[in-house]
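Listed here are the chains, written in short residue letters.
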Amino acid sequence: MKRRSGHGVIQRLLIAAALLGPAAALAVESSSAPPTVEALLTAAEQARTGGKLEAEQTLLEQALALPGTDDASFDIYERLRMNFADRGNFVRAIDAGERQLKAPHNHGQGIGVLTSLVSLHAVLRQMDSARQRLADLDQLLQRLRRGKNWPQRGDWWQAQVARARAKYETSYGHPEPAAQAFRTCLEMSTQALEKNPDKEGSLLFVDCGAGLLGALIETGRLETAEAWANELLASANRTVEEKGRPAAMLRVWPTLGRLAAEQGRMAYARQLYGRAIAVLEGSGGGDSSLRLAKLWAQLAMLDMVEGQWPAALQLHRKREAAIRALGRDAGNVGAISVEYAYTLLRQGSPEAAEAMLSRMISVRESVFDQNSVPYWDVRAFHGLALAAVGKKSEALTELRSAIPKMLELIRGERASNESGVLRTARLNWLLEGYLGLLAELADGGDLAAMDEAFRMADIARGSTVQLALAASASRTRIADPGLAELARREQDLQHEIGALADAIGNLTSRGRVTEQDKVIADMRHNLAALRDEQTKALAEIERRFPDYAMLLAPKPVGMEAIQKLLKPGEAVISIYAGAEQSYVWAIPAQGVPRFAIARLSGEALGSKVASLRKALDPDVVSAAKLPAFPYELSHELFSKLLAPVEPAWQAAQELIVIPHGRFAQLPLAILTTAPFAPRPAKRDYEEMAAAPWLIKRVAISYLPAAVAMPALRGKSNKSTAERAFVGFGDPIFSAEARAKAAAPGAQRGIQRRSLNIAPAVAPREAAPLIDFRLLPPLPDTAAEITEIGKALSADGERDVFLNRRAAESVVKTTKLSAYRVVMFATHGLMNGEMPGLYQPALALSNPAEIGEQGEDGMLTMQEILDLKLQADWVVLSACNSAAGGSQNGESVSGLGRAFFYAGAKSLLVTNWAVETTSARLLTTAVFRQWADTPNRSRAYALQQASLGLMRQSAGSGFSYAHPMFWAPYTLVGDGG
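Residues numbered from 1 in each chain as written. Predicted model: local features only at pLDDT ≥ 70, side-chain atom pairs only at ≥ 80, totals over all residues. Heavy atoms only, no water.

Visitor: What should I look at first to understand the overall build of the protein in this one?
Guide: On a plain count of helices and strands, the protein comes out with 40 helices and 14 strands. Residues classed as buried in the protein amount to 57% of the 976 residues present. Taking as baseline every contact in the protein between residues at least 6 positions apart, the subset at least 24 positions apart corresponds to 72%. Accessible surface, the protein: about 39,800 Å² in total, of which carbon and sulfur atoms supply 51%. (Helix = DSSP H or I, 4+ residues; strand = E, 2+ residues; numbered from the N terminus. Buried < 20%, exposed > 50% of the residue type's maximum accessible area, 1.4 Å probe, protein only. Contact = heavy atoms within 4.5 Å. Areas by Shrake-Rupley, 256 points an atom, 1.4 Å probe, with all protein chains shown as cover.)

Right, here's the structure in full:
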């Protein structure tokens, strides 16, 4: 190598001073002496620690240019490779890795380089090169197994090979084997640390941890991912502290951002993406970074989910320009994407979208196999584009082949039901597009298309409530000894298959061992035999017990099957709120179903629902000033949604409603079936009793999905609980609040069970203890519980738990499966509604006030899942217990989902913060009616109680005829 001139020395000093500051420049070399490799590497390390990655690159390249660097070249190329990889310039990282392999090194050092090359080629979709380097890695590992360093270093080498295999499977669209390989990497790394403590803080932990988190998200295991996120952050922080690698967070923030987005925490996701973008742009060379291009795509996805299509299109075009500017440095990463094409479609450019997707199909067919989501994903979106350009027949063909395969691959194992916001939105775009195409045919009178559209709408709802209902029914259904034995055998086989598959994945992900080839072959033979046995068990279950088979793997239910399950006088109304228009089906117990397209977008429908709810759930309530009810809007929704299909339900006495989106937050009972002009009355709101409310014509219950009906209507699904009622209410929150509530004049006017609590602290910050002083007392709930208990002939001492006895430990130790009705009359808290609370919960007595040990006084959603119930219904007489989240718009909250899973067949839940006196009157009347008319349905009992309250005076100058009082309760589940 040639020695650089003195002018070069001065130039390097100027560069170092500009990039790092004068002090760092002096660390490179003095003005009277040429720089040394050691000085340049020290300065490069300072640059890396300071996040100046472009400066680090410059200094490392200068070090390589000095003579006599052969001994250090392997380490310098190592740093360069990591530098380029951190910044997202993967082609240059590969070049540094290839040069590194040619530098002097031992075989053990080669493992890390080859591992990195496999990962880099995989990210660039250069799958042939990745496959070749993976084979090289296996050969090298075989050689090292025979070496003297294997006992000390073998675990570490196997961890690196597992990482390479995981990255390869990830890029191939196989998240399940990728997750197993990432787990192997982490497991072997942990073992290696016991022998090599100096490896603490290695980037390997961060890479494998971030990869595992991504695989968990991709396979719908959000709860597991959330728990693992904390481990990943700790690992990343160790790497930053121990190794001086702040850029390690670039591997963490985007994945944590994806998790936050899937959980619906969009603002937090944007914050994490913003941190990563700032680091990349601040480190220099951001324009040449594939990492930055990926972040543009991730931000675009957030805009897409939030309906900000112009902003999303701008980000997609920004990413496209960046990829094209990279040229060969982009590898095989395409400048276009499925999301880009779909955004063009939503922005009115279907021809451009179709052309883009056509090009992508041929590319993906050459890269992915037919068992990967990306292969079918592009074909499904292409079907939407074909429909948009008028090629309806081709579109149907494409969608009918792609959608079922997509569903099969996305749903995965039965336990993976936490789809996530982004994944759900993406799937729903496809299903909704397909639904819109079918709806056009159905609107023309095609009954087969109407039925297929009905099934697609049910899949698109895809809520976890549906799965919870199925799980609830299956728990009470295995009374047949033959079925119980078959079900246990199938479950045991499923566990055996999972354990054996994990064991094989663990062995193979560490690299090939010749001596283990026969062992692995035998294990695979046994795995095939177990799968064959499970297939036979499932076939036997389906043949002998088709209903239970339906619970194991729910399939969309058609209109004919629904009609057969209806009783005389019942009808089903299914509503799906699409992006551009809404769809309505009406299925009577006898007769021809009806279908209609309502020219009302999901956004417009949501806006109208919000306007109606302002009259039902006002921010400020006084007896003299409830908001005026918008009768015109109420009748408009009836006219657009229910009236067009009225011939199919007009003879019904009970409607079973399957809502969707924001419409699930509105009780249909408050729709008016005709225009109404109220006349003045003696008492406030008394005139509202004369309005033509829908509830006067029909009783109403709700289902989260049509597929739940077969499970809930099963003939063997009757509760066997021997006791009638158990209730928990009027908990003790704080002595101060209770004394204030008992003071003279405290109970006047309209008393609502409402909260005014500051937002919870941000996720993962230290959670404070629950401050029970923020919870207003609920003294009227004691009378509510007691009166319902009397109506159902409950034992007041044994079955009614009030005040100190309304404790979390009491709920958990009471045999709830012995009761047909389980009631909680207390505050229902949503996720983040109270400081220190990060999941939905029911507030019970304050442990500090009642001397309860080991509990926090909050019966959380996770704890409800562990309860065992056989309840005909669970009553949640609490604030907003039916309020679906803004992201999913489901008919019940997480509390409702948990109770369904625990074994409830129906829920009586509240849509808004109830007024406490009318709530007591209403719920008491419901159960009196139910007890007095045992041959009538639960929906009928709720209808009659609501009508009775509507006609009742409050005794203080106003009437309960305002729907705020008589319509807050919704019956979800089996209303029969």
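Visitor: Explain the state of the cysteines here, please?
Guide: Between two cysteines, a covalent bond joining their sulfur atoms is known as a disulfide. If you walk through the whole model with that rule in mind, you get one disulfide. Cys185 shares a disulfide with Cys208; S-S distance 2.1 Å. Taking the torsion about the sulfur-sulfur bond, which here is approximately 85°, the covalent link between Cys185 and Cys208 counts as right-handed. Of the two residues, Cys185 sits in helix α10 (residues 175–195) while Cys208 sits in helix α11 (residues 203–218), which places them 23 residues apart along the sequence. A residue is classified by how much of its surface remains accessible, and Cys185, at 0% relative accessible area, is buried. (Disulfide = S-S within 2.5 Å.)

Visitor: For this particular structure, what's the right way to read the packing of helix α9 (residues 150–171) against α11?
Guide: Packed helix pairs are specified by the crossing angle of their axes together with the interaxial distance, meaning the distance between the axes. Running from N to C, α9 and α11 point in directions that differ by 35°, and their axes come no closer than 11 Å. The two elements α9 and α11 meet at a crossing, and its hand is left-handed. Every residue of α11 that contacts α9 at Trp156, Ala159, Gln160, Arg163 and Lys167 is listed here: Leu204, Phe205, Asp207 and Cys208. Along the lines of polarity and charge, the residues of the contact of α9 with α11 split into five nonpolar, one polar and three charged. (Axes fitted to C-alpha atoms, helices over the stretch in contact; angles between N-to-C directions. Left-handed = near helix turned anticlockwise from the far one by under 90°. Nonpolar A, V, L, I, M, F, W, Y, C, P; charged D, E, K, R; others polar.)

Visitor: How should the sheet that holds strand β9 (residues 828–829) be read in this particular structure?
Guide: By way of backbone hydrogen bonds, the strands of a sheet pair with one another, either parallel or antiparallel. Judged by pairing direction, the sheet is antiparallel, and its three strands sit side by side in the order β9-β10-β11 without closing on themselves. Unpaired on one side and paired on the other, β9 and β11 (858–860) mark the two borders of the sheet. Where β9 meets strand β10 (residues 841–843), two bridges bridge the pair, whose relative direction is antiparallel. When the bridges of β10 are listed, Gly828 appears paired with Leu842. (Pairing = 2+ DSSP bridges.)

Visitor: Whenever I open this one, the nonpolar core confuses me. Can you help?
Guide: The tendency in soluble globular proteins is for nonpolar side chains to be buried as a group. The biggest cluster of nonpolar side chains holds 183 residues, and the ones touching the most others in it are Ile403 and Trp585. With 13 residues, helix α21 (residues 421–443) is the largest single contributor of residues to this core. Counting residues in each nonpolar core, the second largest holds 110 residues, with Val800, Leu802, Trp930 and Leu971 among its members. (Core = buried A, V, L, I, M, F, W, Y, C linked by side-chain atoms within 4.5 Å.)

Visitor: Sorry if this is basic, but what is going on with empty space enclosed by the protein here?
Guide: On inspection of all chains with the given rule, the structure shows four cavities of 30 Å³ or more. A volume near 120 Å³ is recorded for the largest cavity. Along its surface, the largest cavity is lined by 14 residues, and Ala669, Ile695, Ile700, Leu942 and Tyr969 are the ones closest to its centre. Broken down by secondary-structure element, the contributors of at least two residues to the lining of the largest cavity are β5 (699–702), α39 (938–950) and β14 (969–973). (1 Å grid on protein atoms, 1.4 Å probe; cavity = no way out; pocket = protein on both sides within 12 Å on 5 of 7 lines; lining within 4 Å. Points joined across faces, edges and corners; volume = space filled by probe spheres on them.)

Visitor: For this particular structure, what's the right way to read the confidence of the model for the protein?
Guide: As a note on interpretation, predicted positions should not be read in detail where pLDDT is low. For the protein, per-residue confidence averages 81 on the pLDDT scale, and 81% of positions sit at 70 or higher. The weakest mean pLDDT in the protein belongs to helix α1 (residues 6–20) at 42; the strongest belongs to helix α29 (residues 631–642) at 96. Segment residues 1–20 is flagged for pLDDT under 50; beyond a separation of four residues in sequence, or across chains, it makes 34 contacts in the model. Segment residues 468–477: pLDDT under 50, and 32 contacts once partners within four positions in sequence are set aside and those in other chains are kept. (pLDDT = per-residue confidence, 0-100.)

Visitor: Sorry if this is basic, but what is going on with the packing of helix α7 (residues 107–123) against helix α8 (residues 127–145) here?
Guide: The interhelical angle for the contact between α7 and α8, taken along N-to-C directions, is 160°, at an axis separation of 8 Å. In terms of axis orientation, α7 runs roughly antiparallel to α8. When the axes of α7 and α8 are compared, the crossing they make is left-handed. Every residue of α8 that contacts α7 at His107, Gly108, Gly110, Ile111, Leu114, Thr115, Leu117, Val118, His121 and Ala122 is listed here: Met127, Ser129, Ala130, Arg133, Leu134, Asp136, Leu137, Leu140, Leu141, Arg143 and Leu144. (Parallel < 35°, antiparallel > 145°, perpendicular 65-115°, else oblique.)

Visitor: Explanation requested: the packing of aromatic side chains in the structure shown.
Guide: Any aromatic ring pair is given by two values, namely how distant the centres are and how the planes are angled relative to each other. The final tally for this structure, using the stated rule, is 27 aromatic pairs. Relative to Phe824, the ring of Phe728 has its centre 5.2 Å away and its plane inclined at 15°; by these criteria the two rings are stacked. Here the residue Phe728 occupies a position in strand β6 (residues 723–731), and Phe824 occupies one in strand β8 (residues 819–825), the gap between them amounting to 96 residues. Given the relative accessible area of 1%, Phe728 is considered buried. When its relative accessible area of 0% is taken as the criterion, Phe824 is described as buried. Site record: aromatic cluster; members linked through ring pairs are Phe629, Tyr631, Phe676, Trp693 and Trp966. Lying across the ring of Tyr940, Arg936 places its NZ or CZ 3.7 Å from the centre. (Phe/Tyr/Trp six-rings, centres within 6.5 Å; stacked < 30°, edge-to-face > 60°. Lys NZ or Arg CZ within 6 Å of the ring centre and 35° of its normal.)

Visitor: So what exactly am I meant to see when it comes to the pairing of β5 here?
Guide: For a regular strand, side-chain orientation follows a simple rule: the groups alternate between the two sheet faces. Every second residue of β5 is oriented toward a common face, with Ala699 and Ser701 on one face and Ile700 and Tyr702 on the other, all of them buried. Sheet analysis places strand β4 (residues 654–658) next to β5, joined by four bridges and oriented parallel. Bridging across to β5, Val657 finds its partner in Tyr702.

Visitor: Sorry if this is basic, but what is going on with the pattern of salt bridges here?
Guide: Oppositely charged side chains can form a pair if their charged atoms are brought close together. Under the counting rule described, the total for this entry stands at 41 salt bridges. Ionic pairing is found between Glu61 and Arg92, a salt bridge with its closest N-O pair at 3.3 Å. Residue Glu61 is found in helix α4 (residues 53–65), and its partner Arg92 is found in helix α6 (residues 90–102); the two are separated by 31 residues along the sequence. In this structure Arg92 comes out as partly exposed when scored by relative accessible area, which is 35%. Close ionic contact of Glu452 with Arg400 constitutes a salt bridge, the shortest N to O distance being 3.1 Å. Linking Glu452 in helix α22 (residues 447–461) with Arg400 in helix α20 (residues 392–411), this pair joins segments that are 52 residues apart in sequence. Taken together, the shared-partner salt bridges connect Asp86, Arg163, Lys167, Asp207 and Arg251 into one network. (Salt bridge = Lys/Arg side-chain N within 4 Å of Asp/Glu carboxyl O.)

Visitor: Explain unusual backbone geometry here, please?
Guide: Phi is mostly negative for residues that are not glycine, and the peptide bonds are mostly trans. Unlike most non-glycine residues, Ser793 shows phi in positive territory, near 60°. Relative to the helices and strands, Ser793 resides in the loop between α32 (780–791) and α33 (796–799). Even without being glycine, Asn803 reaches a positive phi, approximately 55°. Looking at the element boundaries, Asn803 is found in strand β7 (residues 800–803).

Visitor: Looking at this model, I keep getting lost on the pairing of β6. Mind explaining?
Guide: In terms of burial, β6 is largely enclosed, as eight of its nine residues are buried. Where β6 and β8 come together, six bridges link them in parallel fashion. Looking across to β8, one finds that Arg723 is bridged to Tyr819. Relative to β7, β6 runs parallel, the two sharing four bridges. The residue of β7 that forms the bridge with Gly729 is Leu802.

Visitor: Explain α6 to me, please; I cannot follow it from the model alone.
Guide: Residues that lie three or four places apart on an α-helix share one face, since the helix turns once every 3.6 residues. Under the 1.5 Å per step criterion, the end-to-end length of α6 is 19 Å for 13 residues, consistent within 8% with the ideal 18 Å. Those residues of α6 that sit buried are Phe90, Val91, Ala93, Ile94, Ala96, Gly97 and Gln100. Elements that come into contact with the buried residues of α6 comprise α5 (70–87), α7 and α15 (290–305). (Expected span 1.5 Å × (residues − 1).)

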